[in-house]
Structures are given as structure tokens and as C-alpha cells.
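Structural features, examined
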Amino acid sequence: MKQRLINQMKLELDSHSINEGFARAVLSAFAAQLDPTVEELTDIKTAVSEAVTNCIVHAYPDHCGRIYIWAGIYDGGLVRIRVRDRGCGIADIAQARQPLFTTLGEERAGLGFAVMESFMDRVKVRSAPADGGAAASGTTITLEKQIRGRAAGGTADAR
């Protein structure tokens, strides 16, 4: 059964590191309408931080680019978040999702995708590496979390 979209938001920002905290705060404020537990809210904030940081560090390694974030709340308490860039893309998604893999040497831990997967119910990654031509490049990370909310055993009703 297809879930019905109840509310949505968009955010577009520059890939400056200071904007990671801003994106995290905006998404947690948006998800708060579902009355999530502190743990659920922390999970969303952590995963969004990792996704946005990936854009900042990997998508635009030599310049400032744009980060596009969309979030939707669906009936039944599902939160879906898309973090997209138009950066260099990921050549090998399976390899990039392996814990400890990084293209940036010792200064990065290579745990971004592992962290996102541990805090969210579902993580989907699509990417088109830059090919030097006119083809579009970039990466989209889709994060999903089922919010059960603070009500024991129930879901909060989004209004």
C-alpha cells in the first residue's frame, strides 16, 4: 500500500561546513511534529549530519557547491529525507559503503554510510560520477526512519 505524503519541506544551502549543523537542526525541527523519542530524533540528526558532511567533504572537494535537501512525512509516521548534490559522484557505491573505506586518506574515518545505516531503517544511494562531459553528476542519499513516537506502542499523528 502506498503511503500518503502529509507534509514536506525543501532546503538548499552551500556546502560550507558550518551549514551541516544548520541542516541537522532544520531536519530535526521538521521531524519533531511526529513527537519522536529523543533517541529517534538523535538518530535522524546523526544520519543527516553524515549525509551532509559527505556532500561537503566528498562531492565538492575543491570548491563550494550546492546541497539540496527534501524531507517528507508520510502517514503512519514515516520520515523520508533526500540529501542530494551535483558534485563529482561516487564511482563505486558498494565500495564506498564499506566501513573504513575513504578516498581522503587518514584524516577521514570512512564510516559515514555505516553510521547512516545504523541509525536509519533504510538508506539508499544513487550516484552518477562526473565523466568530464555534459552528463549530470552527483549523488542522492535517501534516508528513511519509522517514527513510533513517545506514545507507548503508537505513532504520533502528523498535523
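Residues numbered from 1 in each chain as written. Predicted model: local features only at pLDDT ≥ 70, side-chain atom pairs only at ≥ 80, totals over all residues. Heavy atoms only, no water.

1. A closer look at the confidence of the model for the chain
- Per-residue confidence for the chain averages 84 on the pLDDT scale, and 79% of its residues sit at or above 70.
- Note that pLDDT drops below 50 for residues 152-159; the model gives that stretch 15 contacts with residues more than four away or on any other chain. (pLDDT = per-residue confidence, 0-100. Contact = heavy atoms within 4.5 Å.)

2. A closer look at helix 1 (residues 18-31)
- The complete set of buried residues in helix 1 reads Asn19, Glu20, Ala23, Leu27, Ser28, Phe30 and Ala31.
- Of the surrounding secondary structure, the elements contacted by the buried residues of helix 1 are strand 1 (5-14), helix 2 (38-59), strand 2 (66-74) and strand 3 (78-85). (Buried < 20%, exposed > 50% of the residue type's maximum accessible area, 1.4 Å probe, protein only. Helix = DSSP H or I, 4+ residues; strand = E, 2+ residues; numbered from the N terminus.)

3. Here's the deal with the packing of helix 1 against helix 2
- Closest axis-to-axis distance for the helix 1/helix 2 pair is 9 Å, and the angle between their directions is 145°. Here helix 1 and helix 2 pass one another in a crossing that is right-handed. Together, Glu20, Ala23, Arg24, Leu27, Ser28 and Ala31 of helix 1 and Leu41, Ile44, Lys45, Val48, Ser49, Val52, Thr53 and Ile56 of helix 2 make up the contact between the two elements.
- In the contact of helix 1 with helix 2, the residues fall into eight nonpolar, three polar and three charged. (Axes fitted to C-alpha atoms, helices over the stretch in contact; angles between N-to-C directions. Left-handed = near helix turned anticlockwise from the far one by under 90°. Nonpolar A, V, L, I, M, F, W, Y, C, P; charged D, E, K, R; others polar.)

4. Here we look at the environment of arginine 80
- Structurally, the position occupied by arginine 80 is in strand 3.
- Once the C-alpha coordinates of arginine 80 and arginine 122 are considered, the two residues, 42 residues apart in sequence, prove to be 9.3 Å apart.
- Not counting the four nearest positions on each side in its chain, arginine 80 is found in contact with Trp70, Ala71, Gly72, Tyr74, Thr142, Leu143 and Glu144.
- There is a polar contact of 2.6 Å between the side chain of arginine 80 and the side chain of glutamate 144. (Polar contact = N/O pair within 3.5 Å; in protein donor to acceptor, adjacent residues only side chain to side chain.)

5. With respect to the sheet that holds strand 3
- Taken in spatial order, the five strands line up as 1-2-3-5-4 in an open sheet, and their pairing is antiparallel. Only two strands of the sheet have a single neighbouring strand rather than two, namely strand 1 and strand 4 (122-128). With direction set aside, neighbouring strand axes in the sheet form an average angle of 10°.
- Sheet topology places strand 1 next to strand 2; nine bridges connect them, and they run antiparallel. Residue pairing in the sheet places leucine 11 in a bridge with isoleucine 69 of strand 2.
- Running at roughly 175° to strand 5 (residues 138-146), helix 2 makes contact with strand 2, strand 3 and strand 5 of the sheet.
- Here helix 4 (residues 112-119) sits on the sheet in contact with strand 4 and strand 5, set at roughly 25° to strand 5. (Pairing = 2+ DSSP bridges.)

6. Regarding the pattern of salt bridges
- This structure, assessed with the given rule, holds six salt bridges.
- The residue arginine 66 makes a salt bridge to glutamate 12 at a minimum N-O spacing of 3.1 Å. Taken together, the positions of arginine 66 in strand 2 and glutamate 12 in strand 1 put the pair 54 residues apart, joining distant regions of the chain.
- For arginine 66, a relative accessible area of 29% translates into the label partly exposed. (Salt bridge = Lys/Arg side-chain N within 4 Å of Asp/Glu carboxyl O.)

7. Details of the environment of arginine 24
- Residue placement: arginine 24 occurs in helix 1.
- By relative accessible area, which is 28% here, arginine 24 ends up partly exposed.
- Spatially, the C-alpha atoms of arginine 24 and serine 49 are 5.9 Å apart, while their sequence positions differ by 25 residues.
- Here arginine 24 is in contact with Lys45, Val48 and Ser49, once residues within four sequence places are set aside.

8. Regarding the pairing of strand 5
- Of all nine residues in strand 5, eight are buried; the element is thus mostly enclosed.
- As defined by bridge partners, strand 3 adjoins strand 5 across seven bridges and the pair is classed as antiparallel. Across the sheet, residue arginine 82 finds its bridge partner in strand 5, namely threonine 142.
- Across seven bridges, the pairing between strand 4 and strand 5 is antiparallel. Its bridge partner being in strand 5, serine 127 is matched across the sheet by threonine 139.

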